[in-house]
Amino acid sequence: MTNQSHLHSYIERAKNRLDEIDASVAHFEARAQDVQADARAKADAAIAKMKANRDAYQAWVAENQEIGELVTAEAREDMEAEWAKFEDNVMAYFDAAAGMYEQDKAYFQVRIEALKDAWAKTMERVKKTAKTLQASSKAEVDAAVAKLEKNEDIAIAKLKDLNKAGNASWAAVRDALSASRAAFDKALDETQSAFKKAM
């Protein structure tokens with residue numbers, strides 16, 4: 001894979017979301033034994049659907065990572081639709097697990113940690129690629145990378161504050177994750193733009 005392929009924001013988004021999906025599936029599989037027998041079939045079905053979402057995401061990344069910015073609008077819509085299905089399946093799990101929703105605050109931390117880890121991987125790839133660019137564009141690229149890193153720090157701080165609150169609902173956590181993801185993604189787009197100018 002070329003360095004340039006690491007710079008495409010939609011691919012990074014997909015990789016980051018895939019990390020969130022993987023962490024979620026692992027968490028729910030571990031918790032499934034705690035779901036009461038009558039709800040277990042519904043919870044297992046929701047987990048199976050989450051796995052299908054994960055597989056579709058993995059296939060999307062594999063198919064599109066080399067074409068990067070040429071990813072079609074239709075492919076991007078497919079990716080977003082698959083993400084929406086995943087989020088719906090998380091809610092289906094909580095519905096099936098009847099009562100575990102409020103007890104499962106650990107899931108909030110799982111998603112926050114998965115997102116933080118995914119961003120750290122993205123930052124590592126961005127910094128590695130930045131080192132390979134021409135010296136004449138270095139200042140602009142460094143500024144873009146610094147802004148991305150700053151946005152990552154701000155988003156993580158907001159997520160930590162939300163997690164410390166302890167009484168947040170899944171809807172509030174999901175909204176905070178979405179807002180944090182959007183801010184990071186915007187900064188990633190700007191970084192990608194700076195990289196394109198430097199190449």
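Residues numbered from 1 in each chain as written. Predicted model: local features only at pLDDT ≥ 70, side-chain atom pairs only at ≥ 80, totals over all residues. Heavy atoms only, no water.

**Examining the packing of aromatic side chains**
Phase 1: Using the criterion set out here, one finds four aromatic pairs in the structure.
Phase 2: Each ring, one from Trp119 and one from Phe184, has its centre 4.7 Å from the other, and the planes form 20 degrees; the classification is stacked. Of this pair, Trp119 sits in helix H5 (residues 105-130) while Phe184 sits in helix H7 (residues 170-198), and the two are 65 residues apart along the sequence.
Phase 3: Chaining the aromatic ring pairs together yields one cluster made of Phe28, Tyr93 and Tyr107.
Phase 4: Between the NZ or CZ atom of Arg17 and the centre of the ring of Trp83, over which it lies, the distance is 4.9 Å. (Phe/Tyr/Trp six-rings, centres within 6.5 Å; stacked < 30°, edge-to-face > 60°. Helix = DSSP H or I, 4+ residues; strand = E, 2+ residues; numbered from the N terminus. Lys NZ or Arg CZ within 6 Å of the ring centre and 35° of its normal.)

**Looking at the environment of Lys158**
Phase 1: With respect to the helices, strands and loops of the structure, Lys158 is situated in helix H6 (residues 138-165).
Phase 2: For Lys158, a relative accessible area of 57% puts it in the exposed group.
Phase 3: Spatially, the C-alpha atom of Lys158 lies 9.3 Å from that of Leu177, the residues being 19 residues apart in sequence. (Buried < 20%, exposed > 50% of the residue type's maximum accessible area, 1.4 Å probe, protein only.)

**Focus: the confidence of the model for the chain**
Phase 1: When pLDDT is averaged across the chain, the result is 77; 81% of the residues are at 70 or more.
Phase 2: Per-element confidence in the chain is highest for helix H1 (residues 9-31), whose mean pLDDT is 85, and lowest for helix H4 (residues 100-103), whose mean pLDDT is 56.
Phase 3: Scored below 50 in pLDDT, residues 1-6 makes 13 contacts in the model with residues more than four places away or belonging to other chains. (pLDDT = per-residue confidence, 0-100. Contact = heavy atoms within 4.5 Å.)

**Notes on the packing of H1 against H5**
Phase 1: Axis separation between H1 and H5 bottoms out at 9 Å; the angle between their running directions is 150 degrees. With respect to H5, the element H1 is oriented roughly antiparallel. With respect to the hand of their crossing, H1 and H5 are arranged in right-handed fashion. Facing Glu12, Lys15, Asn16, Asp19, Glu20, Ala23, Ser24, His27 and Phe28 of H1, the residues of H5 in contact are Ala106, Tyr107, Val110, Arg111, Ala114, Leu115, Ala118, Trp119, Lys121, Thr122 and Arg125. (Axes fitted to C-alpha atoms, helices over the stretch in contact; angles between N-to-C directions. Parallel < 35°, antiparallel > 145°, perpendicular 65-115°, else oblique. Left-handed = near helix turned anticlockwise from the far one by under 90°.)

**Thoughts on the nonpolar core**
Phase 1: Within the largest apolar cluster, 49 residues are counted, with the highest numbers of intra-cluster contacts made by Phe28, Met50, Val90, Tyr93, Tyr107 and Trp170.
Phase 2: When contributions to this core are tallied by element, the ones reaching two or more residues are H1, helix H2 (37-64), helix H3 (73-96), H5, H6 and H7.
Phase 3: In terms of residues, this core owes the most to one element, H7, which gives nine residues.
Phase 4: Excluding residues that lie within four positions of it along the chain, Met50 makes contacts with Ile21, Val25, Phe28, Phe86, Asn89, Val90 and Tyr93. (Core = buried A, V, L, I, M, F, W, Y, C linked by side-chain atoms within 4.5 Å.)

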